[in-house]
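Observations on the three-dimensional arrangement
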Amino acid sequence: MKYPIIYDKKETSFTGLGIAVLNNAANVKVKEVINGEFKLSLILPRTDPKWQHVQSENFIKVYDISQGKDQLFRIRGFTEERDNKGKLTSNIQAEHIWYDAITCKHLPSVELIGKTPDAILQEAFSGTRFSIGIVEITTPTDIIMSKTNPSKVAQQLIDNVGGELIRDNWTINLVKQRGSNKGVQFRFGKNIESIKRQTDGSTLITRLYPYGKDGLQIDSVNGGKPYIDSPLIGNYDRPIIGYKDYKDIDDPAELLQNALKEWSTEDNDGIDKPHVTYSGSFIELSKHKEYGSIETFGLGDTAKVIDSGIDADTSQRIVEYEFYPYEPQRSNVGLANFEIKVYRNNNIGSIISNANQASQTLDSITTSAGNINATAVDNILTRLQTEINQMVQSALIHCQADMYVDSLENPQRALIFGNGIFAIANSKKPNGDWNWRTIATGDKLIADEVDALWIYTGKLIGNIIQTAEGGARLEFSKAGFLQYDSNGVQRILIQSLTGFGAINFYEADGSYSGRLVSGNGMALEPANGRYLGLGAPLATVEFTGLQVDMTSVSQVKLNGISGSFTTTDGHHLVVSNGIVTSIG
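Residues numbered from 1 in each chain as written. Predicted model: local features only at pLDDT ≥ 70, side-chain atom pairs only at ≥ 80, totals over all residues. Heavy atoms only, no water.

For the rest of this paragraph, the subject is the sheet that holds strand 12 (residues 171-175). The sheet built from three strands is open, its strands ordered 9-12-11 with mixed pairing. For this open sheet the edge positions go to strand 9 (131-135) and strand 11 (164-168), each flanked by a neighbour on one side alone. Along the sheet, successive strands turn relative to each other by an average axial angle of 20°, direction set aside. Pairing geometry for strand 9 and strand 12, over three bridges, is parallel. Bridging from a neighbouring strand, Ser131 pairs with Thr171 of strand 12. Taken strand by strand, helix 1 (residues 117-125) contacts strand 9 and strand 12, and its axis lies near 170° from that of strand 9. (Pairing = 2+ DSSP bridges. Helix = DSSP H or I, 4+ residues; strand = E, 2+ residues; numbered from the N terminus. Axes fitted to C-alpha atoms, helices over the stretch in contact; angles between N-to-C directions. Contact = heavy atoms within 4.5 Å.)

Dropping the structure here:
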């Protein structure tokens, strides 16, 4: 079928002509990025009687050139407009049904240790409409996540072991590398309409510090050095230093071998060369009868790019493919010769995908024992700083303040950005001015209230810092360090007072129980009517500087202890089965 076909959202077979054939559709375009975006867009006259079937969640079937078969997309949104000539049009946006993997199943927790990629995918997608097809990668890995979905599990799996997805309707395939080299050439004057080359050296590294599982390094198998140098390090005026995590590797020799693979080869550019990408508009000659299949190319294929005008004569992979299934005159491709993950993470279309993975950050900074890995946290900060530096290159810079409010008619909340300051407000002063509360400048963040599940910071200053609103919690304030039980009752208070410190204890009803005081020695001070006890029998008991005020304490219990003791001030104590029977 040379036209898109709409199927009802409850359809299961997707055969025949569905509920509508969109023979008036124009600009039918499919865009796919390896392991990234996979979307469809098209234009349909708003006056087309088949517009009634353009409904959210309905399916659209179109031909996918890369896979040579039809693929299904869900309608996610559409816009309707009238142009300056009075013509009514609509733009329809749809996502490949792969995106159903985000919402088809909720996974409260995932803990798959030492499992193969096939087993991980089977577990993640069990009970859903999806099935697992070819899985070429067999490397076991660990997936530990919470509050997630099958799509995020698949992406984390790829981040761990590599590979590239082939999303074939409801079937998911994970291969080592998509495409092949069919000998296709993109040459100016033949099939190139326009071409652009972009060189980016912002991620260049010539001295690499590799880190394995739980911060493992390579110094034990690398002559005592925790880093490796690229063969191209001499091409630059200084070592360009960076790091990379290989969190599934627990053998230093294997870690070293994997790190050495990061350098450039004759076939692929590594991290020691600037990243060069090509993008452009191309005529797909394979759609013309005189060329036939000899000029066919698809996502993942390797092609030769030749254009003397920009000194281009290189082999590159098609990592992004934007094609028009029913128009041979045009297609757009993105080509690169470096790691696909790097390309995807620097592509604007991947921003939403990366945002969906933000909740996995905490999982990646814990060790196998559940402890925070300080090195991993520092690595995250370094990566975020690099991303921010890259964003600055394309940021719109201006010195005019911008304010955002929740309503123009009756605003109740506001954000303001301007002159290096950011502030928020949710109330106004009597004179009508906003009551700005949290303020950030280039120097610091000043906030009267912060609600966060997790904070990593070098310095945190506040009047009150607490781990929960109520119930069991810890609290830091000028009063000291406080611990509350599950009923919200204060049980421990640690104070630093003038000349001494104290740990105060409270009963379940909140009444004061006593305290341990430190100054020139240690003193136990029970509350009136209490007793001082030392639990479980001890083989040897030595008291130095212990003071017992018998006028305010009814008895001293040394549980399970009998014998005679002499205090430092010369008094003699007789103890029988934990009870002090006489003091002389």
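Below, the discussion takes up the sheet that holds strand 17 (residues 241-245). Within the open sheet, the three strands sit side by side as 16-15-17. Their pairing is mixed. Edge strands, defined here as strands with exactly one partner in the open sheet, are strand 16 (228-229) and strand 17. The sheet contact formed by strand 15 (residues 207-211) and strand 17 spans five bridges and is parallel. Its bridge partner being in strand 17, Tyr211 is matched across the sheet by Asp245. Contacts between helix 3 (residues 252-260) and the sheet are confined to strand 15 and strand 16, with strand 15 contributing the most and set at about 140° to the helix.

Take the packing of helix 1 against helix 2 (residues 150-161) next. Running from N to C, helix 1 and helix 2 cross one another at 170°; their axes reach a closest spacing of 9 Å. Of the possible angle classes, the one that applies to helix 1 and helix 2 is roughly antiparallel. Remark: the crossing between helix 1 and helix 2 carries right-handed chirality. Contacts from Pro117, Ile120, Leu121, Ala124 and Phe125 in helix 1 reach Pro150, Ser151, Val153, Ala154, Leu157 and Val161 in helix 2. (Parallel < 35°, antiparallel > 145°, perpendicular 65-115°, else oblique. Left-handed = near helix turned anticlockwise from the far one by under 90°.)

This brings us to the confidence of the model for the protein. For the protein, mean pLDDT is 76; residues scoring 70 or higher make up 66% of the total. A low-confidence stretch, residues 287-292 stays under pLDDT 50, and its non-local contacts, those more than four residues away or across chains, total 10 contacts. Here residues 342-366 scores under 50 on pLDDT; set against residues more than four positions off or in separate chains, the count is 48 contacts. (pLDDT = per-residue confidence, 0-100.)

Below, the discussion takes up the nonpolar core. Core analysis: the largest hydrophobic core is formed by 64 residues, its most contacted members being Leu40, Leu42 and Phe125. A per-element tally of this core places helix 2 first, with five residues. Ignoring any residue separated from it by four or fewer positions in sequence, one finds Leu42 in contact with Pro4, Leu22, Ala25, Ala26, Asn27, Val28, Ile60, Ser90, Asn91 and Ile92. Ile205, Ile228, Tyr246 and Ile249 belong to the second-largest nonpolar core, a separate cluster that totals 11 residues. (Core = buried A, V, L, I, M, F, W, Y, C linked by side-chain atoms within 4.5 Å. Buried < 20%, exposed > 50% of the residue type's maximum accessible area, 1.4 Å probe, protein only.)

With that out of the way, let us pick up a negative patch on the surface. A surface patch of like charges, here negative, comprises Asp214, Asp250, Asp251 and Glu254. Looking at where Asp250 falls in the secondary structure, it is placed in the loop between strand 17 and helix 3. (Patch = residues over 30% accessible without salt bridge, like charges linked within 9 Å, V, L, I, M, F, W, Y side chains within 5 Å. Areas by Shrake-Rupley, 256 points an atom, 1.4 Å probe, with all protein chains shown as cover. Salt bridge = Lys/Arg side-chain N within 4 Å of Asp/Glu carboxyl O. Lys, Arg positive; Asp, Glu negative; His and termini not counted. Charge placed at Lys NZ, Arg CZ, Asp CG, Glu CD.)

Turning our attention to helix 3. Residues of helix 3 that are buried: Pro252, Leu255, Leu256 and Ala259. Axial view of helix 3: buried residues confined to an arc of 100°, hence all on one face. Contacts from the buried residues of helix 3 go to strand 15 and strand 16. (Arc of directions from axis to C-beta.)

Two side chains of opposite charge can pair, provided their charged atoms sit close to one another. Taken as a whole and judged by the stated rule, the model has 19 salt bridges. Lys31 is paired through a salt bridge with Glu37; the nearest N and O atoms lie 3.7 Å apart. Of the residues examined, Lys31 reaches a relative accessible area of 17% and is grouped as buried. The salt bridge partner of Glu475 is Arg473, with a shortest N-O separation of 3.8 Å. Relative accessible area serves as the criterion here: at 11%, Glu475 is assigned to the buried category. Since its relative accessible area comes to 14%, Arg473 is described here as buried. The network of salt bridges with common partners includes Lys39, Glu57, Arg74, Arg76, Glu95 and Asp100.

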